[in-house]
Amino acid sequence: MEKLRIGVIGYGNMGTGHVRNLKAGMVPDMELTAVCDIAPARREAAKAEYPELAVFENAEELYQSGLCDMVLIAVPHYSHPGLAIEAFQHGLHVITEKPAGVYTKQVREMNEAAAKSDKVFGIMYNQRTNPVYQKLREMIKRGDLGHIKRITWIITDWYRPQAYHDSSSWRSTWKEEGGGALINQNPHQLDLWQWMFGMPDRIFAKASFGKYYDIEVEDDVMAYFEYDNGTTGEYITSTGEAPGTNRLEIACDMGKVVVEGNRLTFYRNVISEREHNRINTVPFAQPECWECNVPVDFSGGAQHVGILRNFAGAVLNGTPLLAPGEEGILGLTISNAIHLSAWTGETVDVKNFPDERFYEMLQEKIRNSTVVKKNAQVVADTRGTY
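So, here's what we can say about the structure. (Residues numbered from 1 in each chain as written. Predicted model: local features only at pLDDT ≥ 70, side-chain atom pairs only at ≥ 80, totals over all residues. Heavy atoms only, no water.)

## Observations concerning the sheet that holds strand β5 (residues 93-96)
With parallel pairing, 6 strands are arranged side by side in an open sheet as β3-β2-β1-β4-β5-β6. Among the strands making up the open sheet, the edge pair consists of β3 (54-56) and β6 (121-123). Averaged over all neighbouring strand pairs, the angle between strand axes comes to 25 degrees, with direction disregarded. Bridging between strand β1 (residues 4-9) and strand β2 (residues 30-36) involves 6 bridges; their strand directions are parallel. Paired with R5 across the bridge in β2 is E31. (Pairing = 2+ DSSP bridges. Helix = DSSP H or I, 4+ residues; strand = E, 2+ residues; numbered from the N terminus. Axes fitted to C-alpha atoms, helices over the stretch in contact; angles between N-to-C directions.)

And the structure:
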């Protein structure tokens, strides 16, 4: 196989972006052969711009066409697992957009299907290509920070006005999107959290639903994470703040690390705080600290194209995946746990997450939905659906 033949499922916002990158030759080991979308207007748009591509009405037609070795799934969240499972059954490699799904129960089924197949499975966690987070992860794994005491991530630069929520009938609803800020804007950060720091053991959260907008899902969240080793975390996110903040701060034995403005700064103690505390005899004395601007490529990395190039390498050459699809359940578990805690007022056991209980409560939210989006642009729907 000289090139990996790829079909894109969903010709919406994300799907059209992937198609442009592929047609521009930005992933040399992939050849775009097909697109599908259930929306007639989307199909016509694809045919008009790329007449050489096969354009299908649904995924089943694409799967059976024999034109693809793999598919990239870029549709609304609820459909990710089902389409991936069907693709595996047709002997295709799969990469799915984030999030892996809406609830852990369905994502476990997807992971089981991937495990039964002999196909490569990836997820579009493009922030893992960012050299800043790669360097920070490397520092943590190497032990440069010592014991991590506290992690605080304020990620409020996701501002979305009411016009955004009204731009499509599926946005910001339990039934169609499955949540708000956590399921739409935050999957990358929740993935990066577990990728760098590991999964928290317990989560307690407060969330506001429709605090800033005429929506039924969350638009403001504060979550508290606990680890059995004593590490604590604070995760603060909102789509209602302008200007917003994106600041990750890590307090550790060896000082403090700050990631902000795509810069990585290590306020490094000469000796660890715990060692200083053990040997120091001077009241109010602090360990000597150096401000170190960690050298790293600040470009942001190869992002979506980088994930696709890595995926092609995995299929064609056995290159290890940067973002294995099976890991999509980890960040989603954190998201689901935050929702569950906010709904119930309980501290949620992440290690033994109650998949079924969350699913049942989500179904209740869907049944009790009262939001009618009078201004939603149904005709100009941007979801790029299957």
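Resuming the write-up.
## As for the pattern of salt bridges
In total, this model carries 24 salt bridges according to the counting rule given. The salt bridge partner of K105 is E356, with a shortest N-O separation of 3.3 Å. Of the two residues, K105 sits in helix α5 (residues 104-116) while E356 sits in helix α13 (residues 355-367), which places them 251 residues apart along the sequence. Under the relative-accessibility criterion, K105 is labelled partly exposed at 26%. Classification of E356 as partly exposed rests on a relative accessible area of 39%. Here E260 and R247 are joined by a salt bridge, their closest N and O atoms 2.9 Å apart. On the criterion of sequence distance, the pair formed by E260 in strand β12 (residues 255-260) and R247 in strand β11 (residues 246-252) is long-range, its members being 13 residues apart. Owing to a relative accessible area of 36%, E260 belongs among the partly exposed residues under this scheme. (Salt bridge = Lys/Arg side-chain N within 4 Å of Asp/Glu carboxyl O. Buried < 20%, exposed > 50% of the residue type's maximum accessible area, 1.4 Å probe, protein only.)

## Some words on the nonpolar core
Among the nonpolar cores identified, the biggest contains 57 residues, and I9, M30, Y63 and V71 are the most heavily contacted of them. Element by element, the count of residues in this core is highest for helix α11 (residues 303-317), at 7 residues. Beyond its immediate sequence surroundings of up to four residues, Y63 is in contact with I9, V71, L83, E86, A87, H90 and L92. Counting residues in hydrophobic clusters, the runner-up holds 54 residues, among them V132, L136, L182 and L264. (Core = buried A, V, L, I, M, F, W, Y, C linked by side-chain atoms within 4.5 Å. Contact = heavy atoms within 4.5 Å.)

## Description of the side chain of N111
By secondary structure assignment, the location of N111 is in helix α5. For N111, a relative accessible area of 12% corresponds to the buried category. A polar atom in the side chain of N111 sits 3.2 Å from the backbone oxygen of E326. Residues contacting N111, with those up to four places away along its chain left out, are F121, G325, E326 and I329. (Polar contact = N/O pair within 3.5 Å; in protein donor to acceptor, adjacent residues only side chain to side chain.)

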